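# Reading the structure
Here are the chains, one letter per residue:
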Amino acid sequence: MDTTSAPLPGAPGPDSWDLAGRTALVTGAASGIGRACAVALAAAGARVYVVDVAAEAAEAVAGETGGTAHVVDLSDPVAVDSLPDDADIVVNNAGLQHVAPLHEFPPERFTLIQRVMVEAPFRILRRTLPHMYARGWGRVVNISSVHGLRASAFKSAYVTAKHGLEGLSKTVALEGAPHGVTSNCINPGYVRTPLVENQVAAQAAAHGIGEDEVVERIMLDRTAIKRLIEPAEVAEAALWLCSPHASYMTGTSLPLDGGWTAR
Ligand code: NAD
């Protein structure tokens, strides 16, 4: 076998995971999936803007990753527009949940969820895309959800927001392609994070069952693989989307859902 042969055309080089010289802005980076993304991107060499409303935890992740904490409430448009606009990679991840039947759903919670999970990504991208276009390279990773592809009862605001994020992601894919910018969604099933731990209690109350039953009967009911996914597994997918291995992938939604959407 000829071991000196040239790599296949289009194959990424040996240092293809190297993100040195790139700057990544990660929202909701103080906890769960966002923190895991910040850690993974920093380990690959990126400078990280750790964006979160939770000041102490954001500072801790900034310390851990050698990044910079930006403590902002993403429901405040003025604060969102004060964030740095020189990111090469944007991970739109911050999110929150509210579980209630639609006819009892508080309108102000619905508005808050759209602000944080749809309007803030739009505002961040409209200010960072010109920088990416100028450099001819950019990666937008939107942490959507199975709920960007499927609905569940009692989650009207969240399902609406995630479907909105999917539309935003696809539009950015079309506009960004001539400038070397890709935009994709990652669609996890239930991930072992504080957001899910809080939901277990809320779902138990909504369905009138115990918390163990929520995990086994509701959360894992629709997945073929009967375990929660870990934040680091989601971050690995985000990192891959930032690598040359995924440079032809744009406008897609990548389910990491243990087979949920195979049904
Ligand atoms: P998490 O609760 O662990 O972390 C969310 C982070 O977002 C927190 O640090 C929080 O402070 C921050 N945040 C919330 N509101 C904010 C605001 N107004 N301004 C600034 N920061 C704010 O949650 P997670 O599970 O890591 O979720 C992260 C993303 O992944 C969310 O968009 C969520 O919808 C999505 N997701 C989670 C799961 C899951 O099972 N955990 C599944 C699919 C998708």
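Okay, so let's go over this structure. (Residues numbered from 1 in each chain as written. Predicted model: local features only at pLDDT ≥ 70, side-chain atom pairs only at ≥ 80, totals over all residues. Heavy atoms only, no water.)

### What about the site of the ligand?
Taken together, 28 residues lie near the ligand, and Asp-52, Asn-93, Tyr-158, Val-191 and Thr-193 sit nearest. Here an oxygen atom of the ligand and a side-chain polar atom of Lys-162 are 2.8 Å apart. Going through the elements one at a time, helix H1 (32-43), helix H5 (156-176) and helix H6 (194-207) are the ones with two or more residues in the shell around the ligand. Of the residues forming the shell around the ligand, the biggest block, 3 residues, is contributed by H6. When grouped by side-chain class, the residues that make up the shell around the ligand number 15 nonpolar, 10 polar and 3 charged. (Near = heavy atom within 4 Å. Polar contact = N/O pair within 3.5 Å; in protein donor to acceptor, adjacent residues only side chain to side chain. Helix = DSSP H or I, 4+ residues; strand = E, 2+ residues; numbered from the N terminus. Nonpolar A, V, L, I, M, F, W, Y, C, P; charged D, E, K, R; others polar.)

### Some thoughts on the nonpolar core
With 36 residues, the main nonpolar core has Leu-19, Leu-41, Ile-89, Val-91, Val-141 and Ile-186 as its most contacted residues. Of all elements in the fold, only strand E1 (23-27), H1, strand E2 (47-52), helix H2 (55-65), strand E4 (89-92), strand E5 (138-143) and helix H8 (231-241) reach the threshold of two or more residues within this core. Among the elements that line this core, the one with the most residues is H1, at 7 residues. (Core = buried A, V, L, I, M, F, W, Y, C linked by side-chain atoms within 4.5 Å. Buried < 20%, exposed > 50% of the residue type's maximum accessible area, 1.4 Å probe, protein only.)

### Details of the packing of H1 against H2
One way to put it is that H1 packs onto H2 with a least axis distance of 9 Å and a crossing angle of 20°. By the angle class used here, H1 and H2 are roughly parallel. H2 is crossed by H1, and the crossing has right-handed handedness. Residue-level inspection shows Arg-35, Ala-38, Val-39 and Ala-42 of H1 in contact with H2, the latter providing Val-61, Glu-64 and Thr-65. Looking at the contact of H1 with H2 residue by residue, the classes come out as 4 nonpolar, 1 polar and 2 charged. (Axes fitted to C-alpha atoms, helices over the stretch in contact; angles between N-to-C directions. Parallel < 35°, antiparallel > 145°, perpendicular 65-115°, else oblique. Left-handed = near helix turned anticlockwise from the far one by under 90°. Contact = heavy atoms within 4.5 Å.)

### Quick notes on the pattern of salt bridges
For the structure on display, the rule yields 9 salt bridges. The shortest N-O distance in the salt bridge between Arg-35 and Glu-64 comes to 2.6 Å. Of this pair, Arg-35 sits in helix H1 while Glu-64 sits in helix H2, and the two are 29 residues apart along the sequence. Since its relative accessible area comes to 34%, Arg-35 is described here as partly exposed. (Salt bridge = Lys/Arg side-chain N within 4 Å of Asp/Glu carboxyl O.)

### Focus: the pairing of E2
Within E2, 5 of the 6 residues are buried, leaving the element largely enclosed by the surrounding structure. In this structure, E1 lies alongside E2, joined through 5 bridges in parallel fashion. Bridge pairing links Val-26 to Val-50 in E2. Once you follow E1 into H1 and on to E2, the crossover reads as right-handed. (Pairing = 2+ DSSP bridges. Right-handed = clockwise from strand over helix to strand, strands pointing away.)

### Comments concerning the environment of Asp-86
Turning to its location among the elements, Asp-86 is positioned in the loop between helix H3 (77-80) and E4. A residue is classified by how much of its surface remains accessible, and Asp-86, at 27% relative accessible area, is partly exposed. Along the primary structure Asp-86 and Val-53 are separated by 33 residues, whereas in three dimensions their C-alpha atoms are 20 Å apart. Among the polar contacts made by the side chain of Asp-86, one reaches the side chain of Tyr-49 at a distance of 2.8 Å.

### What about the packing of helix H4 (residues 107-135) against H5?
Interhelical geometry of H4 versus H5 gives an angle of 15° and a closest axis separation of 8 Å. The orientation of H4 with respect to H5, classified from their angle, is roughly parallel. Relative to H5, H4 is oriented so that their crossing is right-handed. Contact residues: H4 offers Phe-110, Ile-113, Gln-114, Met-117, Val-118, Pro-121, Phe-122, Leu-125, Leu-129 and Tyr-133, while H5 offers Ser-156, Ala-157, Tyr-158, Thr-160, Ala-161, Lys-162, Leu-165, Leu-168, Val-172, Glu-175 and Gly-176. Across the contact of H4 with H5, the residue classes tally to 15 nonpolar, 4 polar and 2 charged.

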